[in-house]
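Geometric and topological summary
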Amino acid sequence: MSAQTSTSAEPHAAAAVSASGVTRRYGEGDTCVEALRGVSVEIPRGQFTAVMGPSGSGKSTLMHILAGLDRPTSGTVDIAGQQITEMKDQQLTLLRRRHIGFIFQFFNLLPMLTAAENIMLPLRLAGTSPDRPWVDEVIDRVGLVDRTRHRPAQLSGGQQQRVAIARALVSRPTIVFADEPTGNLDSHTGEEILTLLRDSVEAYGQTTLMVTHDPRAAVMAHRILFLADGVIVRDEQGLGPDEVLSAMSEVSLQ
């Protein structure tokens, strides 16, 4: 099912993030590249969504635009009911602090800070007083109670990604964007991280959008969007690993 036909032009009240008619072009003339070509999609609150597609399909560009890290050439994006497309940089910065959490492939932790200090960083930047019971709950859920005083260099890759997940959750964002969160981990550790992401959705209703190339990661999501040539070509739910592989093979031939 195509997401282009399953979503309306106006953002739905229950949507954490929505895009309408989004295009993104880089360059001009003969060198112009159309990374996105009229994408419309809604990400409902409380949903875990995976985005897949071959290299160059536009999946990373879509995530960056939905997160307000890049601007569309045309079209609109709404986050928590706020239209962000025309916001100035300072407005976008404040919106991201309030509404968005990020999880990256290479963790992006500050090496001079302890695990606890990295987790609390979004609250410090936003000037928000921490809710200690909530912070403690998040740290306990990601399994870092005995690692809060450690710096990133003293943690394994899986532990560093747990810090990154806690950092993304601690501000109770409208949506968490995860960019290849298991791409730098072994398969066992990656499965643990995916379970944590799914648990955060189930336990807290934490809306999450994950870009991944790994079918094992994608099947943890409620919904999988497949991109090809800058367009969402399939919008699926309930697929198993073999079905994801088959879908990816079909998408890669388009």
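Criteria and thresholds
- Residues numbered from 1 in each chain as written.
- Predicted model: local features only at pLDDT ≥ 70, side-chain atom pairs only at ≥ 80, totals over all residues.
- Heavy atoms only, no water.
- Axes fitted to C-alpha atoms, helices over the stretch in contact; angles between N-to-C directions.
- Helix = DSSP H or I, 4+ residues; strand = E, 2+ residues; numbered from the N terminus.
- Parallel < 35°, antiparallel > 145°, perpendicular 65-115°, else oblique.
- Contact = heavy atoms within 4.5 Å.
- Nonpolar A, V, L, I, M, F, W, Y, C, P; charged D, E, K, R; others polar.
- Salt bridge = Lys/Arg side-chain N within 4 Å of Asp/Glu carboxyl O.
- Pairing = 2+ DSSP bridges.
- Core = buried A, V, L, I, M, F, W, Y, C linked by side-chain atoms within 4.5 Å.
- Buried < 20%, exposed > 50% of the residue type's maximum accessible area, 1.4 Å probe, protein only.
- pLDDT = per-residue confidence, 0-100.

Attention shifts here to the packing of helix H5 (residues 132–141) against helix H7 (residues 187–204). A pair of packed helices is captured by two measures, namely the crossing angle of their axes and the spacing between those axes. Relative orientation of the contacting elements H5 and H7 amounts to 140 degrees, with a least axis distance of 11 Å. Considering the angle they form, H5 stands oblique to H7. Note on element contacts: H7 touches H5 through Leu 196, Asp 199, Ala 203 and Tyr 204, opposite Trp 134, Glu 137 and Arg 141. A breakdown of the residues in the contact of H5 with H7 according to their chemical character gives 4 nonpolar, no polar and 3 charged.

Next up on the list: the environment of Cys 32. With respect to the helices, strands and loops of the structure, Cys 32 is situated in the loop between strand S1 (15–26) and strand S2 (33–44). C-alpha separation for the pair Cys 32 and Ser 200, spaced 168 residues apart in sequence, amounts to 40 Å. Excluding residues within four positions of it along the chain, Cys 32 makes contact with Arg 25, Tyr 26 and Gly 27.

Here we take up the pattern of salt bridges. For the structure on display, the rule yields 11 salt bridges. Measuring nitrogen to oxygen at the nearest pair gives 2.8 Å for the salt bridge that ties Glu 202 to Arg 198. Here Glu 202 and its partner Arg 198 are both found in helix H7, 4 residues apart, which amounts to about one turn of the helix. One salt-bridge network, held together by shared partners, links Arg 234, Glu 236 and Glu 250.

Strand order in this open sheet of 4 strands is S2-S1-S4-S5, and the pairing throughout is antiparallel. At either end of the open sheet lies a strand with only one pairing partner, and these are S2 and strand S5 (82–83). Where S1 and strand S4 (residues 74–79) come together, 5 bridges link them in antiparallel fashion. Across the sheet, Ser 20 pairs through a bridge with Thr 76, a residue of S4. Across the sheet, helix H2 (residues 59–66) lies against S1, S2 and S4, angled at about 125 degrees from S1, the strand it touches most.

Spatially, 6 strands are ordered S6-S7-S8-S3-S9-S10 in an open sheet, and the strand pairing comes out mixed. Only two strands of the sheet have a single neighbouring strand rather than two, namely strand S6 (100–103) and strand S10 (231–237). Between one strand axis and the next, the sheet turns by 20 degrees as a mean value, whatever way the strands run. Sheet topology places strand S3 (residues 48–52) next to strand S9 (residues 223–228); 4 bridges connect them, and they run parallel. Its bridge partner being in S9, Ala 50 is matched across the sheet by Ile 224.

This brings us to the nonpolar core. If you look at the biggest cluster of nonpolar residues, it comprises 44 residues, and the most contacted ones within it are Ile 103, Ile 165, Met 210, Ile 224 and Phe 226. Element by element, the count of residues in this core is highest for helix H6 (residues 157–169), at 6 residues. Residues Val 51, Ile 84, Met 87 and Leu 227 belong to the second largest nonpolar core, which totals 29 residues.

Residue pairs spaced three or four apart in an α-helix point in one direction, given the helix's 3.6 residues per turn. With respect to burial, H2 is a largely interior element, 6 of its 8 residues being buried. Every buried residue belonging to H2 is among Lys 59, Thr 61, Leu 62, Met 63, Ile 65 and Leu 66, and all of these are buried. Gly 68 occupies a position one or two residues after H2 and carries a positive phi of about 75 degrees.

This brings us to the confidence of the model for the protein chain. Across the protein chain, the average pLDDT comes to 90, with 94% of residues at 70 or higher. Per-element confidence in the protein chain is highest for strand S8 (residues 208–211), whose mean pLDDT is 97, and lowest for helix H1 (residues 3–6), whose mean pLDDT is 41. Contacts of residues 1–13 to residues separated by more than four positions or lying in other chains number 30 contacts, the stretch itself having pLDDT below 50.

What follows is about the pairing of S1. In terms of burial, S1 is largely enclosed, as 9 of its 12 residues are buried. Pairing analysis gives 9 bridges linking S1 to S2, with the strands arranged antiparallel. When the sheet's bridge partners are listed, Arg 25 is paired in S2 with Glu 34. Between the antiparallel neighbours S1 and S2 lie 6 residues, among them Gly 27 with a positive phi of about 80 degrees.

Before going further, it helps to spend a moment on unusual backbone geometry. Negative phi values dominate among residues other than glycine, just as trans dominates among peptide bonds. If you check the backbone angles, Asn 108 has positive phi at about 55 degrees while not being a glycine. Topologically, Asn 108 is positioned in the loop between S6 and helix H4 (115–126).

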